[in-house]
Amino acid sequence: GINAEYGGLMILKKTKMKRRTRMRTTILINQKRKKSVNPSLRKRQNLRKGKKVVDSRTNEKGEKEYLIKWESRAYIHNSWHIQSELTQFRGYKKLLNYVKNQDTYNTWRETANPEEIEFMAIQKELQLEQNASYLILDRIIASRPVGSQGKVNEDDDEAEKEDHEETEKEYLVKWNNLPYEDCTWEKSEDIKQYTKEMEDFKRREHYYLVQKNMEHALKHRRPMNKKLTLQPTWLNNPYDQNNNDNNETSVSETQSQKAETETKSNNEDEKEKSRTTKLSLRDYQLDGLSWLIQTWSNDTNGILADEMGLGKTIQTITFLSWLN
């Protein structure tokens, strides 16, 4: 029995050794395959990728040229190329599909009626107008220095520093009729013709810096308030304070005038008191009031987004009363 158990252990060790050698050989084979990748293919992988073909034309030499929209680049960087120049770039299959679609369109034109041809021509013109609108700058969102070139020497004059800041920055641009996911970083020389949009961006940046510098002072200036768990006393019966104020202001009045004003307003005040003293804010309304007070104390904007009928109006009124 001992010999059989010992023999079984030896067999298990041999099988494990075989598996390890197989794994090592497969790893070495994969490493050799990675090293033996075609260098032209590796160079092609590092090149730009064409996103789509925007338009086509025939140049002076009679060659067919294609307007290429490049991946992760704006429409202002579209460029014309002949087919032989695009074979080394990624996305070359899209060009082949475009050429195939053009051939099918030309064969369709031979048998189509004039109305259908006119309709397709109008659609193409609309698409070209849409592509032309993508060249218009809509808004500049942010800016950043261009690598290490954005550094400015301290010995330079102020005018030279401003020139460095203008030329050594790139801006995040939102283009017309395109979503924000298609925003691109552009150098200042590429968008220098959009002076109005650049001035608007600098004005917004200046306003943001001023607000950021004032933030610390505003936080310490405005009072902080604890979270409200119970309804404040100044919300229970607002008529008590009004009556006290009326009593203080009516010291100079005569006894007859007091009697007249009190007899006229006694009944109405009692009705209003009996009605208002029974009202109280709900828990979630107190939370909303506390949140509004906190946003005001922190100098941040806030929007009450409760559903209809949950008391956004009363929360706003109580917040204004708290401010008062």
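In the block above lies the structure referred to throughout.
Anyway, here's the lowdown on the structure attached to this text.

1. With respect to the overall build of the protein chain
Then, in step 1: Within the protein chain, the regular secondary structure consists of eleven helices and six strands.
Then, in step 2: Of all intrachain contacts in the protein chain linking residues separated by at least 6 positions in sequence, the fraction that spans at least 24 positions is 58%.
Then, in step 3: Of the roughly 25,200 Å² of accessible surface on the protein chain, 51% is carried by carbon and sulfur atoms.

2. Things to note about the packing of helix α10 (residues 283-297) against helix α11 (residues 312-323)
Then, in step 1: Close contact between α10 and α11 brings their axes to 9 Å; oriented N to C, the two are set at 45°. When the axis of α10 is compared with that of α11, the two are oblique. The chirality of how α10 crosses α11 is right-handed. In this structure, α10 contributes Y284, Q285, G288, L289, L292, I293 and W296 to the contact, and α11 contributes I314, Q315, T318, F319, W322 and L323.
Then, in step 2: Its residues placed into classes, the contact of α10 with α11 shows nine nonpolar, four polar and no charged.

3. Regarding empty space enclosed by the protein
Then, in step 1: The tally for this structure, following the rule as stated, stands at one cavity of 30 Å³ or more.
Then, in step 2: In this model, the largest cavity occupies a volume close to 90 Å³.
Then, in step 3: In terms of lining, the largest cavity is formed by 13 residues, of which the most central are G50, I68, R90, G91 and L95.
Then, in step 4: Here the lining of the largest cavity takes four residues from strand β1 (residues 50-58), the largest share from any one element.
Then, in step 5: Residue classes in the lining of the largest cavity are distributed as seven nonpolar, two polar and four charged.

4. Examining α11
Then, in step 1: Counted at 1.5 Å a residue, the expected span for α11 with its twelve residues is 16 Å, and the 17 Å between its end C-alpha atoms agrees.
Then, in step 2: Considered for burial, the residues of α11 that qualify are Q315, T318 and F319. Along α11, the residues classed as buried sweep out an arc of 105° about the axis, all on the same side.

5. Digging into the packing of helix α3 (residues 92-111) against helix α4 (residues 114-133)
Then, in step 1: Relative to each other, α3 and α4 sit at 145°, their axes nearing to 8 Å. Regarding α3 and α4, the two cross each other, and that crossing is left-handed. Packed against α3, whose contacting residues are Y105, W108 and R109, the element α4 presents E116, I117 and M120 at the interface.

6. Some remarks on the pattern of salt bridges
Two side chains carrying opposite charge are able to pair once their charged atoms lie near each other.
Then, in step 1: Evaluation of the coordinates by the stated rule reveals six salt bridges.
Then, in step 2: Two residues, D138 and K174, come together in a salt bridge whose shortest N-O distance is 3.3 Å. A residue pair is termed long-range when its members are at least 10 positions apart, and D138 in strand β4 (residues 137-145) and K174 in strand β5 (residues 169-175) qualify at 36 residues.
Then, in step 3: Taking the shortest distance from any N to any O, the salt bridge between K196 and D200 comes out at 3.2 Å. Note that K196 and D200 are positioned in helix α6 (residues 195-221) at a spacing of four residues, about one turn of the helix.
Then, in step 4: For K196, a relative accessible area of 54% translates into the label exposed.
Then, in step 5: Connected via shared salt-bridge partners are K196, D200 and R203.

Calculation rules
Residues numbered from 1 in each chain as written. Predicted model: local features only at pLDDT ≥ 70, side-chain atom pairs only at ≥ 80, totals over all residues. Heavy atoms only, no water. Helix = DSSP H or I, 4+ residues; strand = E, 2+ residues; numbered from the N terminus. Contact = heavy atoms within 4.5 Å. Areas by Shrake-Rupley, 256 points an atom, 1.4 Å probe, with all protein chains shown as cover. Axes fitted to C-alpha atoms, helices over the stretch in contact; angles between N-to-C directions. Parallel < 35°, antiparallel > 145°, perpendicular 65-115°, else oblique. Left-handed = near helix turned anticlockwise from the far one by under 90°. Nonpolar A, V, L, I, M, F, W, Y, C, P; charged D, E, K, R; others polar. 1 Å grid on protein atoms, 1.4 Å probe; cavity = no way out; pocket = protein on both sides within 12 Å on 5 of 7 lines; lining within 4 Å. Points joined across faces, edges and corners; volume = space filled by probe spheres on them. Expected span 1.5 Å × (residues − 1). Buried < 20%, exposed > 50% of the residue type's maximum accessible area, 1.4 Å probe, protein only. Arc of directions from axis to C-beta. Salt bridge = Lys/Arg side-chain N within 4 Å of Asp/Glu carboxyl O.

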